[in-house]
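# Notes for the structure review
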Protein chains: 2
Amino acid sequence: MALIVQKFGGSSVADTASIRRVAGRIIATRNQGHQVVVVVSAMGDTTDELLDMAAELTTNPNSRELDILLTAGERISMSLLAMALTEMGAPASSYTGQQAGIHTDATYGHASITAMVPERIARAIKAGHIAVVAGFQGVNDNLDVTTLGRGGSDTTAVALAHALQADVCEIYTDVDGMFSADPRVVPSSHQLPAVRYEEALELAAHGAKILHTRAVEFARRYNVPLHVRSSFSDKEGTWISNQVAPPELAGIVPAAALNQEAKVEQPIISGIAHDKTQEKITVIGLPDEPGAAARMFEVVANAGAKIGMIVQNVGVSEPGRANISFTLPEADARRALEALTHAKDDLGYHELSDNSEIGILSLVGAGMRSHPWVSAKLFGALARTGVNISMISTSEIRISVVTGLDDLDVALRAVHTAFGLDAVGPEAIVYAGSGR
Amino acid sequence: MALIVQKFGGSSVADTASIRRVAGRIIATRNQGHQVVVVVSAMGDTTDELLDMAAELTTNPNSRELDILLTAGERISMSLLAMALTEMGAPASSYTGQQAGIHTDATYGHASITAMVPERIARAIKAGHIAVVAGFQGVNDNLDVTTLGRGGSDTTAVALAHALQADVCEIYTDVDGMFSADPRVVPSSHQLPAVRYEEALELAAHGAKILHTRAVEFARRYNVPLHVRSSFSDKEGTWISNQVAPPELAGIVPAAALNQEAKVEQPIISGIAHDKTQEKITVIGLPDEPGAAARMFEVVANAGAKIGMIVQNVGVSEPGRANISFTLPEADARRALEALTHAKDDLGYHELSDNSEIGILSLVGAGMRSHPWVSAKLFGALARTGVNISMISTSEIRISVVTGLDDLDVALRAVHTAFGLDAVGPEAIVYAGSGR
């Protein structure tokens, strides 16, 4: 018997028929002899509908009010799911974030969890109940309701799994798991049976929308095994963990996930993420003097823009001047451009250029930096397809390149093939090979 | 400066435009120099929509789950209203039942208030904020959310008004106040400027849907002055109170409401309530022996039916046998009939008869019983219109008669006229006369 935390997103509980289907799935897990704690998001578009109503009333909603408004959605889905479970023969009780003992700071809109005291959940499990917990929400010291921000329900699930010492945290979604590349762009991509936290983080941070980095970071810090899988099928999804699993997990965690540790010395290409929602801003003719770049980025940061990649070219076109390019989410670009324009005299640059027609491809895998053939193979593949690269950034386990937006899909498929990630048969699905 | 509790029902906050209108109204009160605490129901049909979803999932929802489901509606309306108020320049904060310190027992679905500790509301008022409180909900000792049942938001408002020692509790609704009879049936009816708690209770209990008896009972027990008025106009509504108001209320409570005490020795016909949702069951040939009627009513009570009027005719058709007729809500009738049928052998009656085509007219006024001309006038008016009466019941301040359903409207108008309640000019609106 294992203790399993299962998280279902809004699309899995969009209407009462979906709720019934999800309930059937939870009961199937229970009937295998496991204890189940469920974390649930708001139904379908509920959150957006609530946001729309708020927007009709004010352009600047009070953040405390906005948080209590939004958390109504999970109250509805959690109680309906508990009713469906009970009706179908599995006694279930639902719990708000407060009742589940999820304490946060007072940062409305993106609160951080400060303490987990899930006593009532533990008691419910002991009593043989399925506990259904509202995702995305907590309570601060003032007993005011807070929300955890984007990916909040995933974070709730991982935090609960850690606090309850669950054997696994299952994240149910509308795809089968994490893939070596987006299957809509790269038809030959294959599902990853298992990845390490670090690769999952890089994939999530660079365009794979299936998981939020915050939940993965939480899982990594506390070694909570994650299993990302489809709520529409019984297929195994993608396991995310680092260590050899405890003996209790035999039969729950597949062998591929258990013996990752042994492979870590070899570069393992997990997959390729891509992101079409970034924009590139170039500051042309910034004085090449100490502190100039720092002041420029301070202006951008104060505008609330989240900077991704940065490239600086010094003295190429004009001595004593530098061009700095950086990427940022399209949604942040206007604010950043306005702030930079406003600070033009202070910063002393010549002009700004702005390009939203870019794509970013990120190759992710363990041990990449110590194996120079990886970048050689990447750039070779891109060169052969005639794709131009305008920026490059690397980390221990990732290489990202900026291409033209129209070139991105071609680039993705070429790189996927070059690294031997194309699924050619069942054996290719066992593990993403090194491509050597 | 007075402290005013204002309660707005679901139809007053049906959409964001209505919420904005209500916010304007609250701010107008505040701009008159008053402190305002607002109690709000769920938007429009929200509660019904939530109930429908629950019904799609289970025929027998767990009551704890149902309560937390339903309370989501008030969280949405209260936070949206607080946002609208703040946007329009009046700082406002919203509070759940729990945050407002509304403690209840654990009777889910119709919990009773056990303690009011509205510390946060008091602090909000002191800070110059408008406090918006979710109606209909509280929290039990287990920190589980409860609902107060039908009329729960009215009860929340009255309980808060009492706990905060508010000067008045304003109940906003979609009509102008309480009337001498339903204006849709009796076009000549007039609005009542003021009634005593007892009459308001009788009117509410016998068909006037504008207020729930429970809230009036609460107000009576703690002497909370109620003002029932329209959310669509600025007109004075109907004041409900018993005593001469405290000096602070001068200018808030009209003179007509303040000097009721003096009139109490004369019979004062407040108005006529009617109810078309009742059914009449007759148990024919019940043994006329001690305890037989008691056993029969025990059967009915155990079926969960709420009995209204009772009439017993002994030995009319058959010596040693009695016929007992009673009224009950249509919604309860099937359960009662099934239970009586099931117990036929035990109870030893001959047969059951059942009539849903009845109407009940209730004449309500203080000091009625000690003035026999009141009933003479009532029955005279009914006789002249040829309306047949099948049951009669009386209390200190009420006479109710059962008529045929089709006769009820005619009967209402005739009685309204006979007692001089028809509005003939402004002077008739000052106070419902004695009709002598």
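Every chain is numbered on its own, with residues counted from 1 as its sequence reads. Whichever chain is written first becomes A and whichever ligand is written first becomes 1, with later ones labelled in order. With pLDDT at 70 or above as the cut-off, local features in this predicted model cover only qualifying residues; side-chain atom pairs require 80 or more to be listed or tallied, and sums for whole chains, interfaces and linings still use all residues. Here the side-chain values reflect all heavy atoms present in the structure, with hydrogen atoms and water set aside.

### Side note on the overall build of chain A
Heads up, the rule is: Here a strand is any run of E in DSSP of at least two residues, a helix any run of H or I of at least four, and the numbering for each starts at the N terminus. Burial here depends on accessible area, computed with a 1.4 Å probe over protein chains only, as a share of the maximum for the residue type. Under 20% is buried, over 50% is exposed, and the range in between is partly exposed. What makes two residues a contact is simply this: any of their non-hydrogen atoms within 4.5 Å. Accessibility throughout is a Shrake-Rupley quantity obtained with a 1.4 Å probe, and a residue counts as covered only by protein chains that appear here.
When its secondary structure is counted, chain A shows 15 helices and 20 strands. The buried share among the 436 residues of chain A stands at 56%. Taking contacts inside chain A between residues at least 6 apart in sequence as the whole, the part at least 24 apart equals 74%. Summing over all exposed atoms, chain A offers an accessible surface of approximately 17,700 Å²; the carbon and sulfur share of this is 51%.

### Thoughts on the pairing of strand β20 (residues 398-404) of chain A
All names here are of chain A. Inclusion rule: Strands pair, by our definition, only if DSSP identifies at least two bridges between them.
Of all the seven residues making up β20, six are buried; the element is thus mostly covered by neighbouring parts of the structure. As judged from the five bridges shared by strand β19 (residues 391-395) and β20, these two strands associate in the antiparallel manner. Each bridged residue has a counterpart across the sheet, and for Ser 393 the counterpart in β20 is Ser 400. Adjacent in sequence and paired antiparallel, β19 and β20 are bridged by two residues.

### Topic: the confidence of the model for chain A
Residues and elements named next belong to chain A. Operational definition: Confidence of the predictor at the level of single residues is captured by pLDDT, which takes values from 0 to 100.
Per-residue confidence for chain A gives a mean pLDDT of 86; residues scoring 70 or more make up 89%. When the criterion is pLDDT under 50, residues 244-266 qualifies, and its contacts beyond four places in sequence or with other chains add up to 34 contacts. Counting interchain partners and residues more than four positions distant, the pLDDT-below-50 stretch residues 424-436 has 26 contacts. On the interface metric, ipTM, the complex scores 0.73, and its pTM is 0.77.

### A few points about the packing of aromatic side chains
For clarity, the cut-off: Two aromatic rings from Phe, Tyr or Trp, using only the six-membered ring of Trp, form a pair when their centres are within 6.5 Å; if the ring planes differ by under 30 degrees the pair is stacked, by over 60 it is edge-to-face, and anything between is tilted. Look at NZ for Lys and CZ for Arg. If either is within 6 Å of the ring centre and within 35 degrees of the ring normal, a charge sits over the ring.
Summed over all chains, the structure comprises six aromatic pairs over all chains. Here the aromatic rings of Phe 8 of chain B and Tyr 172 of chain B are separated by 4.5 Å at their centres, their planes lie at 10°, and the arrangement is stacked. Within this pair, whereas Phe 8 of chain B is found in strand β1 (residues 3-8), its partner Tyr 172 of chain B is found in strand β9 (residues 168-173), the two being separated by 164 residues in sequence. The burial state of Phe 8 of chain B is the same as that of Tyr 172 of chain B; both residues are buried. With a centroid separation of 5.2 Å and 45° between ring planes, the pair formed by Phe 218 of chain B and Tyr 222 of chain B is classed as tilted. One end of the pair is Phe 218 of chain B and the other is Tyr 222 of chain B, both in helix α8 (residues 213-222) and four residues apart, which spans about a single turn. With a relative accessible area of 35%, Tyr 222 of chain B lands in the partly exposed category. In this arrangement the basic side chain of Lys 377 of chain A is found over the ring face of Phe 419 of chain A, its NZ or CZ atom lying 5.9 Å from the centre. Note that Arg 64 of chain B overlies the ring of Tyr 95 of chain A, its terminal NZ or CZ placed 4.9 Å from the centroid.

### Remarks on a negative patch on the surface
To be explicit about the condition: Grouping into patches uses exposed residues only, defined as over 30% relative accessible area, and leaves out salt-bridged ones; the cut-off is 9 Å for like charges and 5 Å for nonpolar side chains (Val, Leu, Ile, Met, Phe, Trp, Tyr). Whenever Lys or Arg places a side-chain nitrogen within 4 Å of a carboxyl oxygen from Asp or Glu, that contact is recorded as a salt bridge. The charge count treats Lys and Arg as positive and Asp and Glu as negative. His and the chain ends do not count. Where a charge lies is defined by one atom per residue type, namely NZ (Lys), CZ (Arg), CG (Asp) and CD (Glu).
Negative charge collects at one region of the surface, where Asp 15 of chain A together with Asp 45, Asp 48, Glu 49, Asp 52 and Glu 56 of chain B lie side by side. Structurally, Asp 48 of chain B can be placed in helix α2 (residues 46-57).

### Concerning the interface of chain A and chain B
Under the convention used in this document: We define buried area as the total accessible area lost by two parts upon association, computed with a 1.4 Å probe and summed across both. As used in this structure description, the phrase polar contact means that two N or O atoms lie within 3.5 Å; if the pair is within protein, one of them must be able to donate a hydrogen and the other to accept it, and residues adjacent in sequence are counted only when both atoms belong to side chains.
Counting residues at the interface gives 41 residues for chain A, matched by 41 residues for chain B. Contact between chain A and chain B buries roughly 3,400 Å² in total, counting both sides, with carbon and sulfur atoms accounting for 57%. Together, Leu 57, Arg 75 and Met 83 of chain A form the three largest contributors to the area buried by chain A at its contact with chain B, with a combined 22%. There are two salt bridges connecting chain A and chain B. Among the salt bridges present, the one from Arg 120 of chain B reaches Asp 144 of chain A, with a minimum N-O distance of 2.9 Å. The tally of links from chain A across to chain B stands at 20 residue pairs in polar contact (both at pLDDT 80 or more).

### Quick word on the relation of the copies chain A and chain B
Heads up, the rule is: Each copy is superposed on the other by least squares, with the fit set by C-alpha atoms of residues at a pLDDT of at least 70 in both.
The transformation that overlays chain A on chain B combines an axial shift of 0.1 Å with a rotation of 180°, and the residual RMSD is 0.1 Å. Such a combination of rotation and displacement between the chain copies is what one expects of a two-fold axis. By C-alpha distance to the rotation axis, the residue of chain A lying nearest is Ala 72 of chain A, at 2.5 Å. The overlap is high: 100% of the interface residues of chain A also sit at the interface in chain B, so the same surface is used on both sides.

### Focus: the sheet that holds strand β10 (residues 194-195) of chain A
All names here are of chain A. Strand order in the open sheet made by the eight strands is β3-β6-β2-β1-β9-β11-β12-β10, with mixed pairing throughout. Pairing within the sheet leaves two strands with one partner each, and these edge strands are β3 (92-95) and β10. Relative to strand β2 (residues 35-40), strand β1 (residues 3-8) runs parallel, the two being bridged by six bridges. Each residue of the ladder has a partner; that of Phe 8, found in β2, is Val 40.

### Some details on the sheet that holds strand β3 (residues 92-95) of chain B
All names here are of chain B. Short version of the rule: Each axis is a line fitted through C-alpha atoms, and for a helix only the stretch in contact is used; angles between axes span 0 to 180 degrees, taken between their N-to-C directions.
Strand order in this open sheet of eight strands is β3-β6-β2-β1-β9-β11-β12-β10, and the pairing throughout is mixed. The sheet terminates laterally at β3 and β10 (194-195), the two strands that pair on one side only. Summarising the sheet, strand β2 (residues 35-40) and strand β6 (residues 130-134) pair through four bridges and their orientation is parallel. If you follow Val 40 over to β6, its bridge partner there is Ala 134. Seen against the sheet, helix α4 (residues 72-87) touches β2, β3 and β6 and runs at an angle of roughly 170° to β3.

### Quick look at the packing of helix α3 (residues 63-70) of chain A against helix α4 (residues 72-87) of chain A
All names here are of chain A. For the record, the criterion: For classification purposes, angles smaller than 35 degrees are called roughly parallel, those larger than 145 roughly antiparallel, those between 65 and 115 roughly perpendicular, and all remaining angles oblique. Amino acids outside the nonpolar list (Ala, Val, Leu, Ile, Met, Phe, Trp, Tyr, Cys, Pro) and the charged list (Asp, Glu, Lys, Arg) are all regarded as polar, and Gly is one of them.
At a minimum axis separation of 4 Å, α3 and α4 run at an interaxial angle of 15°. As judged from the angle between their axes, α3 and α4 are roughly parallel. Judged by residue contacts, Ile 68, Leu 69 and Leu 70 of α3 engage Ala 72, Gly 73 and Glu 74 from α4. Partitioned by chemical class, the residues of the contact of α3 with α4 number four nonpolar, one polar and one charged.

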